[in-house]
Amino acid sequence: MKVAHIKTFFIMSLLSMAMLSFLCCSKSDDYKKYLEGGEISYTGKIDSVKVFSGKERVYITGLFMADPKVDRLKIYWDNRQDSTELKINRTAGVDTLKISLKISEGVHNFELITYDAQGNKSLSVFKTGVSYGERFSSGLINRPMYAVDYFAGDQKTTVNWGGIDLTSGAQFTEVEYTNTSGKLIIQRDSIKLGKSILSDFLPGKPLRYRTLFVPDSLSIDTFYTNYSANISPKEVYLKNMNFPFETSEMAGDRWGTPAVWMVNDAAKNFKTADGKYYGGIEIRDKKACLSLEAGWWQWASPSPNLAPIVNGKIYQTTNLQPGKYRFTVSKIDKGSAGVVHLIAAKGNTLPDQSALNTAIGFQTLSGSNAIFEFTVTEAGPVTLGFLGNMNGTASDGSYFKVSGNMIFEKL
């Protein structure tokens, strides 16, 4: 190799080494410009954050888990237009954040940042929450009530509810009423129930109700409609009072037993081939009427199907408050034989014919209609109904039928 070439190669090698050294130094020192204020240190951020909605507030929860140096938390909302700061006292385990923030109605975006004692902050945690207020409350509608009846028989009041949009957040209905002990009762039932049963309702006293709403699954507060105006239930003392009467059992297509009404063995005088007894109902023109009948013959048999009736009773027991009452019966069809009384008596049954003087009152039935009035002097169970005695034969008119409506009312 010539000397000139050697010199050139040597110079180029030196220049290359110098350039490489410069580049290496530049790259290794370049990061220092980002650390002029010292190395960045982040604190541990809050974990598992939830924002619960409420009435003109939100309730925020979260967990402080990994970083023991965290000593305060700052919460911003509405693009950092408002904020609050909390002192955090960390323990060795997991610590919990629970804070209620009073805040205006609407949807709000929250930013949560933790800090240590040196001012080092965490990465931001972003969450959204909702506050409900007057605008939401003013749009709530009370659930409709279709009917409310007080049945004195079991002293229960039934409230029949209308439908309501469940997406509105409706959860419960709350009924306020007075019981028989004079105590104010508040009964809360699921909005999914079609009716509410109020036990021991005090007759003559009104009730009122309201609807409860929980606007979303994260809401910690319940919202209420205004109470309805005071409502007086319709008082029902007896059931199955209208013709045609409901039946509970039938023996073929003529004789049977009424629903709700009690019928004693003496009035159940139709015996079937299998030994069962029925009474209190006869089908006339395909409609069920209340019935007492004796001496009717089944012509295919040498003996009557309907035996004589001795103290046969058809009755219901109810609960009455002191006062005057009226029992009206229309469309009575009675044969010439036997005797039937309409009776009101204390307790749970009717007296026999021989003990009529123990009744609150009674009336002997003879015409096509009856209006029977009596007075109750003290609250308690009262039994009302028909007492019949019929020792008839097939032709002497031993029968009693009701094929009209009956009305029982307090005067």
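Residues numbered from 1 in each chain as written. Predicted model: local features only at pLDDT ≥ 70, side-chain atom pairs only at ≥ 80, totals over all residues. Heavy atoms only, no water.

## Let's talk about the packing of aromatic side chains
Convention followed: Paired rings are identified among Phe, Tyr and Trp, the last through its six-membered ring, by centres lying within 6.5 Å, and are further divided according to the angle between planes into stacked (under 30 degrees), edge-to-face (over 60) and tilted (the rest). Put simply, DSSP H or I for four residues or longer makes a helix, DSSP E for two residues or longer makes a strand, and each gets a number counted from the N terminus.
Applying the stated criterion across every chain yields a total of 19 aromatic pairs. Look at Tyr 132 and Phe 223: their rings are 6.1 Å apart centre to centre, the planes differ by 75°, and that puts the pair in the edge-to-face class. With a gap of 91 residues between them, Tyr 132 in strand β7 (residues 125-132) and Phe 223 in strand β14 (residues 223-224) connect regions that are remote in the sequence. Ring geometry for Tyr 237 and Phe 408: centres 5.4 Å apart, planes at 80°, overall edge-to-face. With Tyr 237 in the loop between β15 (234-236) and β16 (247-251) and Phe 408 in strand β31 (residues 406-410), this pair connects stretches of sequence that are 171 residues apart.

## Re the pattern of salt bridges
Which entries qualify depends on this criterion: A pair is scored as a salt bridge if a Lys or Arg side-chain nitrogen falls within 4 Å of a carboxyl oxygen belonging to Asp or Glu.
Taken as a whole and judged by the stated rule, the model has 22 salt bridges. The network of salt bridges with shared partners includes Arg 254, Glu 282, Arg 284, Glu 293, Asp 333 and Lys 401.

## Comments concerning the sheet that holds strand β27 (residues 361-364)
So the rule is basically this: DSSP calls a pair of strands paired once it identifies at least 2 bridges connecting them.
Taken together, the five strands give an open sheet; going across it, the order is β18-β23-β29-β26-β27, and neighbouring strands pair in antiparallel fashion. Of all strands in the sheet, those with a lone pairing partner are β18 (262-263) and β27, marking the two edges. For strand β26 (residues 339-346) and strand β29 (residues 380-390), the ladder comprises eight bridges, and the chain directions are antiparallel. Considered in β29, the bridge of Lys 346 is made with Val 382.

## Focus on the nonpolar core
This is how it is decided: In this description, a nonpolar core means a group of buried Ala, Val, Leu, Ile, Met, Phe, Trp, Tyr and Cys residues linked to one another through side-chain atoms lying within 4.5 Å. The cut-offs for exposure are 20% and 50% of the maximum accessible area for each residue type, with area from a 1.4 Å probe on protein chains only; residues under the lower value are buried, those over the upper are exposed, and the others partly exposed. By definition, residues are in contact when any of their heavy atoms lie within 4.5 Å.
The biggest cluster of nonpolar side chains holds 48 residues, and the ones touching the most others in it are Phe 327, Phe 386, Met 406 and Phe 408. Among all residues touching Phe 408, those that are not within four sequence positions of it are Tyr 237, Leu 238, Met 241, Leu 320, Tyr 325, Arg 326, Phe 327, Phe 374 and Leu 384. Counting 19 residues, the second-largest nonpolar core is a separate cluster that includes Ile 75, Trp 77, Leu 86 and Val 125.

## Let's talk about the layout of surface pockets
Rules: A cavity here means a set of 1 Å grid points, computed over protein atoms only, where a 1.4 Å probe fits but cannot escape. A pocket is an open set with protein on both sides within 12 Å along at least 5 of 7 lines, and lining residues have an atom within 4 Å of a point. Grid points are joined across faces, edges and corners, and a volume is the space filled by probe spheres set on the points. Any residue that is not Ala, Val, Leu, Ile, Met, Phe, Trp, Tyr, Cys, Pro, Asp, Glu, Lys or Arg is counted as polar, Gly included; the first ten are nonpolar and the last four charged.
Estimates place the volume of the largest pocket at around 350 Å³. As for the largest pocket, its lining consists of 16 residues, of which Leu 238, Lys 239, Asn 240, Met 241 and Asn 242 are closest to the centre. Every element with two or more residues in the lining of the largest pocket is listed here: β15 and β31. Taken together, the residues of the lining of the largest pocket sort by class into nine nonpolar, two polar and five charged.

## Considerations on the sheet that holds strand β9 (residues 156-161)
Definition in use: Lines fitted to the C-alpha atoms define the axes, with helices restricted to the stretch that makes contact. Angles between their N-to-C directions range from 0 to 180 degrees.
The strand order across the open sheet formed by four strands is β12-β9-β8-β15, and the pairing between neighbours is mixed. A strand with exactly one partner marks an edge of an open sheet, and here the two such strands are β12 (195-199) and β15. Between one strand axis and the next, the sheet turns through 25° on average, direction left out of account. Pairing of strand β8 (residues 145-151) with β15, which is carried by three bridges, proceeds in the parallel orientation. Within β15, the position partnered with Asp 149 by the bridge is Lys 234.

## Topic: the confidence of the model for the protein
The test is simple: The predictor attaches a confidence to each residue, called pLDDT, with possible values from 0 through 100.
Mean pLDDT over the protein stands at 88; residues scoring 70 or higher make up 86%. Highest mean pLDDT in the protein belongs to β18 (98); lowest belongs to helix α1 (residues 3-30) (45). Note on residues 1-15: pLDDT under 50 across the span, and one contact to partners over four residues away in sequence or across chains. The low-confidence segment residues 30-35, where pLDDT is below 50, has zero contacts with residues more than four positions distant or belonging to other chains.

## A word on the environment of Lys 98
Position of Lys 98 relative to the elements: it lies in strand β5 (residues 95-102). Using a relative accessible area of 60% as the deciding quantity, one classes Lys 98 as exposed. For the pair Lys 98 and Thr 61, spaced 37 residues apart in sequence, the C-alpha separation works out to 4.7 Å. Contacts of Lys 98, omitting those with residues within four sequence positions, involve Tyr 59, Ile 60 and Thr 61.

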